[in-house]
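# A look at the structure
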Amino acid sequence: MRVSLRWLEEYVAVKLPVAELAHRLTMAGIEVAQVIEIGDFWQNTFVGAVADLQRHPNADRLQLVTVDYGQDDKPTFVTGAMNIAVGDKVPVALLGAELNDAYSDTPQRIKLKPVVLRGVKSEGMVCSARELGLGDDHEGILILDADAPLGTPLQDYMGDTILELDLKPNRSDCLAMLNVAREVAALTGERLRQPATQRIDTPALPVVRVDIKEPKLCARYAAGVVTEVTIGPSPRWMQERLEAAGMRPINNIVDITNYVMLEFGQPLHAFDYDKVDDGQIIVRRAHLGEKLTTLDGEDRTLEAGMLVIADPKGPIALAGVMGGLDTEVTERTTTILLEAASFDPTSVRRTRQALNLPSEASRRFEQGVPPELVPMARDRAIELIAKLANGRARSHAADSYVRPQQLPDIELSEADLSRLLGMEIPLTQAAESLRPLGFTYRRQNDRLQVTVPLHRLDVTCSADLVEEVARMVGYDNIPTTLPAGPLPEAAPDPLRTWTDRTKQVLVGAGFAEAITYTLTNAARMARLLPKGVAAEIDDELAHRVADTVLPLHVSPLDLKNPFTSEASALRTVTLAGLLETLANNLRRQTSDVHLFEIAPVFLPVRAKLPEERRILTAVMGEFRTEQWGARSENTFYTIKGVAEHVLRRFGIAEYGIAPVAHPTFHPYRAAAVTVRAGEEKRVVGIVGEINAEVSAGFDIDQRVLALVLNLHDLVAQANATPEFAAPSRHPAVVQDLAIVLDAEIPAERVVHEVRAAGGKLLESIDLFDVYQGPQVPEGKRSLAYSLTFRAPDRTLNDAEVNTIRDRIIFKLQVSLEATLR
């Protein structure tokens, strides 16, 4: 909201310096984000009058303008503007004045110097709005009002200060100049001056009838008719105020509706009465497939349920959003039908979002417009139309008020003030703080019964009243006190603790944390599957992976009111967002792109809030840079090593890496990650290389490796305090063991059987060779392991080691049908 101080001073005297006023407003919760000075560079620029106009002797498109600016001399300038006449009041800039360069695309200032144009010397100029920084118009000279005082410095006449307010959603009442003035009056002790509106109650033809079919979506609709209007430009003072507020002047009727909206906070709309069938207004929902051409010239197909303003023939406006082209006010309009209404915020927001039609009017309706404001704004606008467009007000009879606004009564006590503010404020002082803001009250023993003013829709309970008192007292005047008593102990949060630890582990492993959007859409998540591949998975292990970390078969939760189609659902997977981030970095030729994210996903649960899971996702490109700039390839074993590193840091010793066929991953380079939970092997994630077709769908033309783990399952099995085992002081015995077994048996199963048979004396087992070829039967392969045996209290002899080795061989023969090589 842009607040012009010149305009504001019409309602309240502003005696404070601008900086002090901005500070007080900010400390009262009305944040002043920026102070803009208009005309602070208008030095040596005055209000002048055109005394004479002559053709340029050497140029057909130039003329000589002689101006009177209240001094003895009357300088003559060369100008190319043709919109001025003798007697017009215009801005006159003399030598040394600084103006905006009207021909530059970027804002920059020029200092006026004497120039010779086609043989005629010019020592100044008459100015356009763009040169003065008052707008983009450079087609002609800015014509001032006829009563502009001759010779007055232009800064004194037109200069202004703009307070740009950063309003929070609960203070939408300050989208009105009058309510900002009320705040200033309350903070400074000045008197509020409200514009006097003369109401005309003489019914006469033509008349207008209002029929509200949807009372839940339209609490009140008031209309008025003004005849014999003359369409033309609005007066200069109104244009200046609209421009200061960031709005473009159009014509007197449209400008008046915008002016009253900025003044009262009540949006208005003007129809051409003669184009409204039978003078009848119907407020109803749109029918499916109905069409409306809006004021921007776009043909809109309406959705069923959108609130529209209609006449008997069909829709003529989108309620609270935009009017229709067929009933637009044009230069030929002579009779105005003026609309003032209170529409349901949710209905307006849905229509605006569906059609992507933001406006100042919809912004106000979306945050709530009090129904009691409707007739006041309508009457004010009709009065201005009669005054500035030579119209005649004919009827104010149309006012359908189907859901009267209830002004809440709220009880306030000193105990409420003390409890919420931490300071003692007498009820008398609280009452005096509330009164200038428009609150009324009556004293009942040790309490106040406070009635909320119609414009404060945000005040609904005693805590809100306490906040109003605090604003008037001043937040900076509330004393600082330290909490009394011991601080409560922090509740343990294992998920948060392990999340922080995991981030440290991955950063230490060379990964960078990424944060992607929680909101996504179904199309983005569908890219995680190759084209033509269904989300349903038949493989039992892959199905468990999908249920745990990649539920691509689950339809995402769609938002009822999405901001955009790109962010229309809650994600069920995090991998898609991270692959997009990886692709963005690779396109910019970033090297060593290793990213991770620990973030929630949301799975729908019937008739309940969605299940929220925290998922660890990590991705890495094909290459990494090592010492001396050498590049190494990342492979399946690289990302597998990252997964094992994370599991070990969780204190999980018993885990498994088993091959799995998941459509998002390469068919032969992916594995399910399992951990032991009691007697059960629980799937906690997947690790491997992304399917090349999936990578291509994200515009990635190199190998991508990914890790996805369910953090909840890892935390459940985590060992926060692993037991310390002192290293043995005795030497180890190392033996090699080579076996031949079916090629389909994973090496991880061999390790499991060897560990089970080796017992506590088997310190480690390492695979150092895999062989398939001659001397090994077809369908078989050879695996060679290095076995390390060690006892904590003695040196093992050969007999002990051979006994354990024989037990291991027997176990492998029985369980896996393996043979020694």
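Look a little higher up for the structure.
Reference entry: report on the structure contained in this document.

Scoring rules and cut-offs
Residues numbered from 1 in each chain as written. Predicted model: local features only at pLDDT ≥ 70, side-chain atom pairs only at ≥ 80, totals over all residues. Heavy atoms only, no water. Phe/Tyr/Trp six-rings, centres within 6.5 Å; stacked < 30°, edge-to-face > 60°. Lys NZ or Arg CZ within 6 Å of the ring centre and 35° of its normal. Helix = DSSP H or I, 4+ residues; strand = E, 2+ residues; numbered from the N terminus. Buried < 20%, exposed > 50% of the residue type's maximum accessible area, 1.4 Å probe, protein only. 1 Å grid on protein atoms, 1.4 Å probe; cavity = no way out; pocket = protein on both sides within 12 Å on 5 of 7 lines; lining within 4 Å. Points joined across faces, edges and corners; volume = space filled by probe spheres on them. Nonpolar A, V, L, I, M, F, W, Y, C, P; charged D, E, K, R; others polar. Contact = heavy atoms within 4.5 Å. Polar contact = N/O pair within 3.5 Å; in protein donor to acceptor, adjacent residues only side chain to side chain. Lys, Arg positive; Asp, Glu negative; His and termini not counted. Salt bridge = Lys/Arg side-chain N within 4 Å of Asp/Glu carboxyl O. Disulfide = S-S within 2.5 Å. Axes fitted to C-alpha atoms, helices over the stretch in contact; angles between N-to-C directions. Parallel < 35°, antiparallel > 145°, perpendicular 65-115°, else oblique. Left-handed = near helix turned anticlockwise from the far one by under 90°. Core = buried A, V, L, I, M, F, W, Y, C linked by side-chain atoms within 4.5 Å. Pairing = 2+ DSSP bridges.

## Here's the deal with the packing of aromatic side chains
The geometry of two aromatic rings is summed up by the distance between their centres and the angle between their planes. Going through the model one piece at a time under the given rule, you end up with seven aromatic pairs. Summarising the aromatic geometry, the rings of F41 and W42 are spaced 6.4 Å apart at their centres and angled 70° between planes, so their arrangement reads as edge-to-face. Put simply, the rings of W7, W237 and Y259 touch in pairs and so form one group of aromatic residues. For R220, the ring lying beneath its charged end belongs to Y401, and the centroid distance is 3.9 Å. In this arrangement the basic side chain of R527 is found over the ring face of F698, its NZ or CZ atom lying 4.2 Å from the centre.

## Focus: the environment of A522
Looking at the element boundaries, A522 is found in helix α14 (residues 522-526). Classification of A522 as partly exposed rests on a relative accessible area of 46%. Considering only alpha carbons, one finds A522 and P556, 34 residues apart in sequence, at a separation of 6.9 Å.

## Some words on the layout of surface pockets
Considered as a void within the structure, the largest pocket measures approximately 1700 Å³ in volume. Forming the walls of the largest pocket are 44 residues, and the residues nearest its centre are K640, I657, P746, A747 and E748. Every element with two or more residues in the lining of the largest pocket is listed here: α17 (636-649), β35 (655-659), β36 (665-677), β37 (680-690), α20 (747-758), β40 (762-771) and β41 (780-789). The leading source of residues in the lining of the largest pocket is β36, at eight residues. Here the residues of the lining of the largest pocket sort into 25 nonpolar, five polar and 14 charged. Within this model, the second largest pocket holds a volume of roughly 1200 Å³. What lines the second largest pocket is a set of 47 residues, among which G133, L134, G135, R236 and E243 lie closest to the centre. When residues of the lining of the second largest pocket are traced back to their parent elements, those giving at least two are β1 (2-4), α1 (5-8), β2 (31-38), α3 (154-158) and α5 (236-244). Considering every element that reaches the lining of the second largest pocket, the biggest residue donor is α5, with seven residues.

## Details of the environment of T293
Here T293 shows up in strand β17 (residues 291-293). Between the C-alpha atoms of T293 and E753, which are 460 residues apart in sequence, the distance is 76 Å. Leaving out residues up to four positions away in the same chain, T293 has contacts with E298, D299, G324 and L325. At 2.6 Å, the side chain of T293 forms a polar contact with the side chain of D299.

## Remarks on the side chain of D68
Considering the arrangement of structural elements, one finds D68 in strand β4 (residues 63-68). The charged side chain of D68 is buried without a salt bridge, its nearest counter-charge being K74 at 4.3 Å.

## What about the pattern of salt bridges?
In total, this model carries 51 salt bridges according to the counting rule given. Among the ionic pairs, K213 bridges to D211, the shortest N-O distance being 2.9 Å. A salt bridge links E513 to K503, with the nearest nitrogen and oxygen atoms 3.3 Å apart. Linking E513 in strand β27 (residues 512-513) with K503 in helix α13 (residues 494-508), this pair joins segments that are ten residues apart in sequence. Salt bridges here are not isolated pairs; linked through shared partners, they connect R171, D173, E183, R456, D458, E468 and R471.

## Quick word on the side chain of E644
Looking at where E644 falls in the secondary structure, it is placed in helix α17. Under the relative-accessibility criterion, E644 is labelled buried at 16%. Apart from the residues within four sequence positions on either side, E644 is in contact with Y655 and I657.

## Quick word on the state of the cysteines
Going through the model one piece at a time under the given rule, you end up with zero disulfides. Note on C461: no disulfide assigned, nearest cysteine sulfur contributed by C174 at a separation of 18 Å.

## Some words on the packing of helix α7 (residues 345-355) against helix α8 (residues 360-367)
At a minimum axis separation of 7 Å, α7 and α8 run at an interaxial angle of 140°. Classified by the angle between their axes, α7 and α8 sit oblique to one another. Of the two elements, α7 crosses α8, and the hand of that crossing is left-handed. Only S362, F365 and E366 of α8 make contact with α7, whose side of the interface consists of P345, V348, R349 and R352. Along the lines of polarity and charge, the residues of the contact of α7 with α8 split into three nonpolar, one polar and three charged.

## Side note on the nonpolar core
L8, L165 and L417 are the most contacted members of the largest nonpolar core, which has 80 residues in total. Here the element with the most residues in this core is helix α4 (residues 177-188); it accounts for eight residues. L575, A576, V683 and I686 belong to the second largest nonpolar core, which has 37 residues in total.

## Things to note about the sheet that holds strand β24 (residues 409-413)
Here three strands make up an open sheet; going across it, the order is β24-β26-β25 and the pairing antiparallel. At either end of the open sheet lies a strand with only one pairing partner, and these are β24 and β25 (440-444). Pairs of neighbouring strands in the sheet enclose a mean axial angle of 25°, with direction left out of account.

## Points about the pairing of strand β39 (residues 733-742)
Two faces, one strand: in a regular strand the side chains alternate between the faces of the sheet. Both β39 and β41 contribute to a ladder of ten bridges, which runs antiparallel. In the sheet register, V733 faces β41, and the bridge partner there is F789. Judged from the two bridges that link them, β39 and strand β42 (residues 819-820) form a sheet pairing that is antiparallel. Each bridged residue has a counterpart across the sheet, and for I739 the counterpart in β42 is L820.

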